[in-house]
Amino acid sequence: MKQRLLCVLYNILLWPALLFACYRLYWPRKGKRPFGPRWVEHFGFGQSFKSPDLWYHAVSVGEVIASVPLIHALQTRHPKWRILITTTTATGAAEVAKRLGDSVEHRYAPFDLWPCIWLFITRYQPKQLWIMETELWLNWLKQCEKRHIPVKLINARLSTRSTKRYLRFASFAQLLFPRLSWIGAQYQHDADNFITVGAPAKQVTVTGSVKYDLVIDAKRIANAKAQRQQLFGNRPVIIAASTHAGEDETILTMAKTLRQEHPSLVLILVPRHPERFDEVTALASQDGPTIRRSLSQPVNADTITYIGDTMGELIDMLAMSDITIMGGSFATIGGHNYLEPAALGIPCISGPFDFNFQEISLRLQQSGALELNDNIEILTRQINHWLKDSDAWQRASQAALDTVAANQGAVSRTLAALLADEQPNDLTTKTNSL
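This report concerns the structure included in the present document. (Residues numbered from 1 in each chain as written. Predicted model: local features only at pLDDT ≥ 70, side-chain atom pairs only at ≥ 80, totals over all residues. Heavy atoms only, no water.)

### Points about the overall build of the protein
Looking only at helices and strands, one finds 18 helices and 14 strands in the protein. Taken against the 2.2 N^0.38 rule, which gives 22 Å for 434 residues, the C-alpha radius of gyration of the protein at 23 Å falls within 12% of a compact globule. Along the first, second and third principal axes, the C-alpha set of the protein runs to 65 × 45 × 45 Å. Looking at the protein residue by residue over its 434 residues, the buried ones come to 52%. Summarising the internal contacts of the protein: among those between residues at least 6 apart in sequence, 67% fall at separations of at least 24. (Helix = DSSP H or I, 4+ residues; strand = E, 2+ residues; numbered from the N terminus. Rg over C-alpha atoms; globule rule 2.2 N^0.38 Å. Buried < 20%, exposed > 50% of the residue type's maximum accessible area, 1.4 Å probe, protein only. Contact = heavy atoms within 4.5 Å.)

### Description of the packing of helix α2 (residues 61–77) against helix α17 (residues 410–418)
The interhelical angle for the contact between α2 and α17, taken along N-to-C directions, is 55 degrees, at an axis separation of 10 Å. Taken together, α2 and α17 sit at an angle that is classed as oblique. Relative to α17, the crossing made by α2 is right-handed. Of the residues in α17, those touching α2 at P69, L70, A73, L74 and R77 are V411, T414, L415, A416 and L418. When the residues that make up the contact of α2 with α17 are grouped by side-chain class, the tally is eight nonpolar, one polar and one charged. (Axes fitted to C-alpha atoms, helices over the stretch in contact; angles between N-to-C directions. Parallel < 35°, antiparallel > 145°, perpendicular 65-115°, else oblique. Left-handed = near helix turned anticlockwise from the far one by under 90°. Nonpolar A, V, L, I, M, F, W, Y, C, P; charged D, E, K, R; others polar.)

### As for the sheet that holds strand β11 (residues 305–307)
As a general point, the strands of a sheet are linked pairwise by backbone hydrogen bonds and lie either parallel or antiparallel. With respect to topology, seven strands assemble into an open sheet ordered β10-β11-β9-β8-β12-β13-β14, the strand pairing being parallel. Taken across any chain shown, the strands that pair with only one partner, and hence form the sheet edges, are β10 (290–292) and β14 (370–372). Between one strand and the next, the sheet's axes are offset by a mean angle of 20 degrees, whatever the strand orientation. In this structure, β10 lies alongside β11, joined through three bridges in parallel fashion. Bridging from a neighbouring strand, R292 pairs with I307 of β11. Sitting on the sheet, helix α15 (residues 376–388) touches β8 (237–243), β12 (323–326), β13 (348–350) and β14, and the angle it makes with β13 is about 175 degrees. (Pairing = 2+ DSSP bridges.)

### Points about the sheet that holds strand β5 (residues 151–156)
Strand order in this open sheet of seven strands is β3-β2-β1-β4-β5-β6-β7, and the pairing throughout is parallel. Of all the strands in the sheet, just β3 (105–108) and β7 (204–206) have a single pairing partner and so form its edges. Taking the axes of each pair of neighbouring strands and ignoring which way they run, one obtains an average angle of 20 degrees across the sheet. Pairing of strand β2 (residues 83–87) with β3, which is carried by four bridges, proceeds in the parallel orientation. When the sheet's bridge partners are listed, I85 is paired in β3 with H106.

### Let's talk about the packing of aromatic side chains
This model, assessed by the stated rule, comprises 15 aromatic pairs. Taking 5.1 Å as the distance between ring centres and 80 degrees as the angle between the ring planes, the aromatic pair formed by F43 and F111 counts as edge-to-face. Of the two residues, F43 sits in the loop between α1 (2–26) and β1 (54–57) while F111 sits in the loop between β3 and α4 (114–124), which places them 68 residues apart along the sequence. A relative accessible area of 22% places F43 in the partly exposed class. The interplanar angle of 80 degrees and the centroid separation of 5.0 Å between the aromatic rings of Y166 and F177 together place this pair among those described as edge-to-face. With Y166 in helix α6 (residues 160–168) and F177 in the loop between α7 (170–176) and β6 (182–185), the pair connects residues that are 11 residues apart, well separated along the chain. Following the ring pairs from residue to residue traces out a cluster consisting of Y26, F35, W39, F43, Y108 and F111. The ring of F49 carries the charged tip of R82 above its face, separated from the ring centre by 4.3 Å. Over the face of the ring belonging to F357 we find R157, whose NZ or CZ atom lies 5.3 Å from the ring centre. (Phe/Tyr/Trp six-rings, centres within 6.5 Å; stacked < 30°, edge-to-face > 60°. Lys NZ or Arg CZ within 6 Å of the ring centre and 35° of its normal.)

### Points about the pattern of salt bridges
Applying the stated criterion across every chain yields a total of 16 salt bridges. The shortest N-O distance in the salt bridge between E145 and R179 comes to 2.9 Å. Here the residue E145 occupies a position in helix α5 (residues 138–146), and R179 occupies one in the loop between α7 and β6, the gap between them amounting to 34 residues. For E145, a relative accessible area of 43% puts it in the partly exposed group. Connected through shared salt-bridge partners, E133, R157 and K211 make up one network. (Salt bridge = Lys/Arg side-chain N within 4 Å of Asp/Glu carboxyl O.)

### Structural notes on helix α14 (residues 358–367)
Considered for burial, the residues of α14 that qualify are E359, I360, S361 and L364. Considering only its buried residues, α14 is in contact with α8 (188–196), α13 (339–343), β14 and α16 (390–406). Of the residues trailing α14, G368 is marked for its positive phi of about 95 degrees.

### Regarding α15
Between its terminal C-alpha atoms α15 stretches 18 Å, which fits the 18 Å expected from 13 residues at 1.5 Å a residue. Taken together, the buried positions of α15 are L379, T380, Q382, I383, N384 and W386. Those residues of α15 hidden inside the fold are in contact with β8, α10 (248–258), β12, β13, β14 and α16. (Expected span 1.5 Å × (residues − 1).)

### Points about the nonpolar core
One finds W55, L153, F177, L180, I183 and F194 to be the most contacted residues of the largest nonpolar core, which totals 45 residues. Sorting elements by how many residues they give to this core places α1 first, with six residues. The contacts of L153, once residues within four sequence positions are left out, are I131, E133, T134, L136, L180, W182, I183, G184 and F194. I268, V270, M320 and A399 belong to the second-largest nonpolar core, a separate cluster that totals 36 residues. (Core = buried A, V, L, I, M, F, W, Y, C linked by side-chain atoms within 4.5 Å.)

### Quick look at the pairing of β12
Side-chain alternation along β12 places I323 and I325 on one buried face and T324 and M326 on a second face that is also buried. Where β12 and β13 come together, three bridges link them in parallel fashion. The residue bridging T324 from the neighbouring strand is C348, located in β13.

Shown next as structure tokens:
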């Protein structure tokens, strides 16, 4: 009875929450990618794609990028599978089109309102649902359980902070986690946390992080490095990646201090959200000549800040840089993924709030590829040290590459676990198809 009342309360509260979700998703902002007529897909409508072998959900750009190696491995193993990928955001949809093309079908994910998810599952009738990371919605899980659709969680992480929140609402957690067929936890502490909040221990496996298995296009990186030479010549370049409100001032101050010893330093500043591009450009311009990447403006010798205001090009701008300052870590956002700069051999600087990437952070810190501190002066000195001492920079660069290489293999482990319940006939078909 208590669980039934919780479900009723949850669904009542979802309706006002829908207004806020619609505002965030659909309200036009400069630089924000529109949904166009496909917005109806969030309500369960849209062009039908009957009975996919797999419904795969990746909420936005980061989850899509992390999913690509796994999707490619799955397609190699099961080339005839019909795969439906859902994202919540339009930028996520663009990333699917860019990286997976027409090898998969894309739709926007339905809202977690009972009519929307009921209509979605009725129209598409997926055979199973795989969710990247921890995007859990109660009505999704209930409808899948009712239709006997197994739900598996991939690359799942659950921080100590989130675990404490779930434990405060233990009855609600019991509505979620026991309904999952399998959880692929990134690390042992994630697995322990999932079990603590109610996931059956026999359904939790430690797989490692699939994000280590990222594949970077060598030709694209070579082009980015050539573009760096064209834009900045031999000037030192640092990048502040995926910054949030309140962080840009701190980073601009760090850059100003560094220019006392490195007067030709260029700061590439990449705000996380497109609606902040104008605001951050105006802020940076107060310190000196600033240009925007989207306008293809010429970079002069006196240009000190380069605003990364294009979508889908963060990897290019990382490759153009010597050192990365990771955004989301100077405010209580929880940080962003260090692995793209690490896979490029770029040392990183971080503020203290990177709890969303705690395990990756610790490994990079231990290797010497990442300096994390809440003291801006210490972080600035570390950047200065790497810029002045090429041997120290090279050691940190190699440590980043070695850390990524040493932790790869999660894709194969994850896929093996996901497909462990295949029937013998399925395995025979798979062997014959290769």
